[in-house]
Each structure stands twice: as structure tokens, then as C-alpha cells.
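Next come the chains, spelled out residue by residue.
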Amino acid sequence: MRPSFGNEFGGSFILIEPGEILLGNRNITVTEPYFIGARPVTQIEWSSIMESNPSRFQEGWSSGLRPVEKVSWLDVQKYIAKLNEIDTEPRLGLVGSWRLPTAEEWEYACRAGSKTRWFHSDKDSELDEVGWHAGNSGATTREVGQKKANQWGLFDMHGNVSEWTASIEGLKRITKGGSWLMESESTTSSASLKVNTDKRSDGIGFRLVWAPI
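Note that this is a predicted model, so its numbers are computed, not measured.

Reading the values: rules and limits
Residues numbered from 1 in each chain as written. Predicted model: local features only at pLDDT ≥ 70, side-chain atom pairs only at ≥ 80, totals over all residues. Heavy atoms only, no water. Helix = DSSP H or I, 4+ residues; strand = E, 2+ residues; numbered from the N terminus. Buried < 20%, exposed > 50% of the residue type's maximum accessible area, 1.4 Å probe, protein only. Contact = heavy atoms within 4.5 Å. Pairing = 2+ DSSP bridges. Axes fitted to C-alpha atoms, helices over the stretch in contact; angles between N-to-C directions. Phe/Tyr/Trp six-rings, centres within 6.5 Å; stacked < 30°, edge-to-face > 60°. Lys NZ or Arg CZ within 6 Å of the ring centre and 35° of its normal. Core = buried A, V, L, I, M, F, W, Y, C linked by side-chain atoms within 4.5 Å.

**Focus: the overall build of the chain**
Along the backbone of the chain there are 3 helices and 11 strands. Start at the N end of the chain and walk to the C end: the helices and strands fall as β-β-β-β-β-α-α-β-α-β-β-β-β-β. Overall size of the chain, expressed as C-alpha extent along the three principal axes, is 45 × 40 × 40 Å. Taking all 213 residues of the chain together, 54% fall into the buried category. For the chain, the proportion of contacts with a sequence separation of at least 24, taken over those separated by at least 6, is 65%.

Put into C-alpha cells, the structure is as follows:
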């Protein structure tokens, strides 16, 4: 079992240790350890901090366990700033802070050592095992953590909601993972999109990182 911790808002965070993975002529290197959310941030977690819920998909008794969406990158920065104000507790003897993962940290954690298109397979026909996408979502987000986790215990890395990262390309931020409304190719480990920082979409949410400082 990898070291992990939970927080009072229902999140669970798993240690990702430094390392690298070679993917053809591409190399992903992570030089510092970090803890990443086992699941995307849920509507309950967002509401606990922001006292509001912008999400489109709020119907049903279990909607609070769906990922929060319709949050821009700028909105997410406000959430993280509030979280860092109220949650200064050391974790496993370390002092740290909350932030978004970089695109490289996200993909490194998603792959969990794999070199296949998705963390478990190269086959489109096996995507349903790990992710919600256009072919199986029923045109909506789904409660987090229902599909198979990767080798490091992370859920919903493929589909459900695309996830904001800290990485910049031009004036845009990179999202990873693909969403409930995307076809399979847009949900692979390497897939990414460039999105304006003020865009709010019912297909975009986020996953937190806590890192020692």
C-alpha cells in the first residue's frame, strides 16, 4: 500500500514518488514527491469550501458524489486559496500546500508505470472498465470511484470529467483525462486539450495535489 491520507472533506490522497517513464521519443520525469487525489473533487467537497455548487448535474440523492464541474481554472484557484487558508495541517510529518497537478504529474500518476493508451489496456473495447465516456455515460457525469482504479489506487483518470492542470500553453491551461461527452481517443493517458482559463464546462472538473513545501 502506498502512503496516503484523508481530509475532513472526504478526499483521499495517495503518495506519488519521483521517477520517469519513457514513451517512445517522449520522456515524463517527476523529480519531487506529491500526493494526488484518488478521485476528482466532488460537488460535496466544493460546496463545503465555497458554500455554493455551480455544477450542471445536481439531480439525484447521490449527486454530491459526482465530480464538481462548470468551474473555470480561475474558479479553481479561488477554491485552492480558500482550502490553503483553512487547512494548514501537516501530513505524515510534512508541511505542504494544495495546488493543481502539472500535466506531467497528472499523466505520470495516471499511467502508474503503464505505456498503453489507457492505464490498463490498448483496446477501445476495454475502456468501459475504467472510465465514463460518450459511449457509456448516459450523457451525464457519474459518481466518482465506480470504475476500476489504476495500479496506484487512482479512480476516474479516464473520462467522467476532464481535469484542469497547472500547465500552460500560450494563454491557455491544459486539461487531461477526457470526459463523459468525449469519444475514446480523447480519454487516453496522453490526450490533452488547451482551454481558456475562464471557460466553465459541464465536462471539466479537477483533481487536487498536496505537496510538501
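**What about the sheet that holds strand β2 (residues 12-16)?**
A sheet is described by the order of its strands in space; here 5 strands give the open sequence β1-β2-β5-β11-β6, paired in antiparallel fashion. The open sheet terminates on both sides in strands that have one partner only, identified here as β1 (4-6) and β6 (96-99). Going from strand to strand, the sheet's axes swing by 25 degrees on average, the running direction of each strand aside. The pairing of β2 with strand β5 (residues 34-37) spans 4 bridges and is classified as antiparallel.

**Some thoughts on the sheet that holds strand β7 (residues 162-169)**
Ordered in space as β9-β8-β7-β10, the 4 strands form an open sheet in which the pairing is mixed. Each end of this open sheet is capped by a strand with a single partner; those strands are β9 (192-195) and β10 (204-206). Between one strand axis and the next, the sheet turns through 50 degrees on average, direction left out of account. The sheet contact formed by β7 and strand β8 (residues 172-176) spans 4 bridges and is antiparallel. Opposite W164, over in β8, you have T175 as the bridge partner. Lying over the sheet, helix α2 (residues 73-86) contacts β7, β8 and β10, oriented at roughly 95 degrees with respect to β7.

**A word on the pairing of strand β3 (residues 19-23)**
Remark: a regular strand shows side chains that alternate across the two faces of the sheet. With 5 bridges connecting them, β3 and strand β4 (residues 26-30) associate as antiparallel partners. Note that in β4 the partner of I21 across the bridge is I28. Taking the residues that link successive antiparallel strands as the turn, the β3-β4 hairpin has 2 residues, and the phi of G24 there is positive, at about 65 degrees.

**A closer look at the packing of aromatic side chains**
Any two aromatic rings considered together are summarised by their centre-to-centre distance and by the angle between their planes. Tallied over the full model, the rule gives 11 aromatic pairs. Considering the side-chain rings of F5 and W210, the 5.6 Å spacing of their centres and the 80 degrees angle between planes classify their relative orientation as edge-to-face. One end of the pair, F5, is in strand β1; the other, W210, is in strand β11 (residues 209-212), with 205 residues separating them in the sequence. Arranged with centres 5.9 Å apart and planes meeting at 65 degrees, the rings of F35 and W210 form a pair that is edge-to-face. Here the residue F35 occupies a position in strand β5, and W210 occupies one in strand β11, the gap between them amounting to 175 residues. With relative accessibility at 3%, the residue F35 sits in the buried group. Overall, the relative accessible area of 1% leaves W210 in the buried class. Here a set of aromatic residues connected by ring pairs shows up, and it is made of F5, F13, F35, W98 and W210. In this structure, R142 is placed above the aromatic ring of W132, and the distance from its NZ or CZ to the ring centre is 4.4 Å. A cation sits over an aromatic face here: K147 above W132, 4.2 Å from the ring centre.

**Side note on the environment of G138**
Looking at the secondary structure, you find G138 in the loop between α3 (103-111) and β7. A relative accessible area of 61% places G138 in the exposed class.

**Side note on the nonpolar core**
Formed by 24 residues in total, the largest nonpolar core has its most connected members in Y79, W98, W164, F206 and L208. A total of 5 residues in this core trace back to one element, the largest contributor, which is α2. Excluding its chain neighbours within four sequence positions, the residues that come into contact with F206 are P40, V41, W46, V68, V71, V76, Y79, L100, S162, E163 and W164. Listed in part, the 23 residues of the second largest apolar core include I14, I16, V30 and V130.

Functional significance is not addressed by these values, which are geometric in nature.
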